[in-house]
Amino acid sequence: LGDALLDYFTCVSAYQKYKYFQPEQLSLIKSAVVNNSRLSTLSLGGKWYKCLLSNDRLKFCIENADNEFNNQRQSRNFNVSDDIEIANHKPLADIVEAVVAAVFVDSRFSLDTSWDVFGPIFKPLIDEMAKRIPKNPVNQLHELKPKSKISVDVQLNAKGLYQCNIRVDGQLYTE
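Visitor: I would appreciate a short explanation of the side chain of Ser107 in the present structure.
Guide: Tracing the chain through its elements places Ser107 in the loop between helix 5 (90-106) and helix 6 (111-131). Among the residues examined, Ser107 registers a relative accessible area of 17% and is labelled buried. Looking at Ser107, its side chain comes within polar contact range of the main-chain oxygen of Phe104, at 2.9 Å. What Ser107 contacts, discounting residues up to four positions off in sequence, is Thr113 and Ser114.

As structure tokens, then:
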């Protein structure tokens, strides 16, 4: 429920403010705002995870993620729109989605009340993403090499991070 509400709020807010944008641009903004990486960054930045009752293993993962987050944030000028690489960020994103859903249910399913609560958090992020609409890296590759055969394989590695293997005309690129 929380992720659907965030999708809805982001789409409506972006459309109302940026009516001249193409549907593809609005979709890219939504994808940039409502994704596990961004939501986990919000969860860590706002310390939302401290409200979570969890088992020791999850607490350990969250504490490690918080340490990674703080180290990366201190090493650069942090902005709410920054992506920070955090292993196992899904539970942190789920916390944000759960809180959004809880506010919606507790407000007797009021979209207006829910947006009053979360709008101040998400509006700056929507505006930042609208200034520099991010493109999907695979789409960028297709634009750069329109006649090439491109395939992408994404796997979770042993450290809990995603590894991307890209083939362009048979040539393997990996990170």
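So, next bit.
Visitor: Before we go on, may I ask you to explain the environment of Asp66 in this structure?
Guide: Its place among the elements puts Asp66 in helix 4 (residues 56-74). Overall, Asp66 belongs to the buried group, its relative accessible area being 11%. With 26 residues separating them along the chain, Asp66 and Leu92 place their C-alpha atoms 9.9 Å apart. Contact partners of Asp66, with chain neighbours within four places excluded, come to Leu44, Lys47 and Tyr49.

Visitor: Explain the pattern of salt bridges to me, please; I cannot follow it from the model alone.
Guide: Across all of its chains, the model carries 4 salt bridges by this definition. As a salt-bridge pair, Lys30 and Asp7 come within 3.9 Å of each other at their nearest N and O atoms. Taken together, the residues Lys30 in helix 2 (residues 23-33) and Asp7 in helix 1 (residues 2-17) connect sequence positions 23 residues apart. Residue class for Asp7 comes out partly exposed when judged on its relative accessible area of 26%.

Reading guide: rules and limits
Here the residue numbers are simple positions, counted from 1 along each chain's written sequence. Owing to the predicted nature of the model, reporting of local features is limited to residues with pLDDT of at least 70; listing and counting of side-chain atom pairs is limited to 80 or more, with chain, interface and lining totals taken over all residues. Calculation of side-chain values draws on the structure's entire complement of heavy atoms; hydrogens and water are dropped beforehand. In this text, helices come from DSSP runs of H or I with a minimum length of four residues, and strands from runs of E with a minimum of two, each type numbered from the N-terminal end. When a residue's accessible area, from a 1.4 Å probe over protein chains only, is under 20% of the maximum for its type it is buried; when over 50% it is exposed; and in between it is partly exposed. In protein, a polar contact means a hydrogen-donor-capable atom and an acceptor-capable atom, both N or O and within 3.5 Å, with residues adjacent in sequence counting only if both atoms are side-chain atoms; elsewhere, any N or O pair within 3.5 Å suffices. A contact between two residues is defined here by any heavy atoms of the two lying within 4.5 Å. Every case where a carboxyl oxygen of Asp or Glu lies within 4 Å of a side-chain nitrogen of Lys or Arg is listed as a salt bridge.

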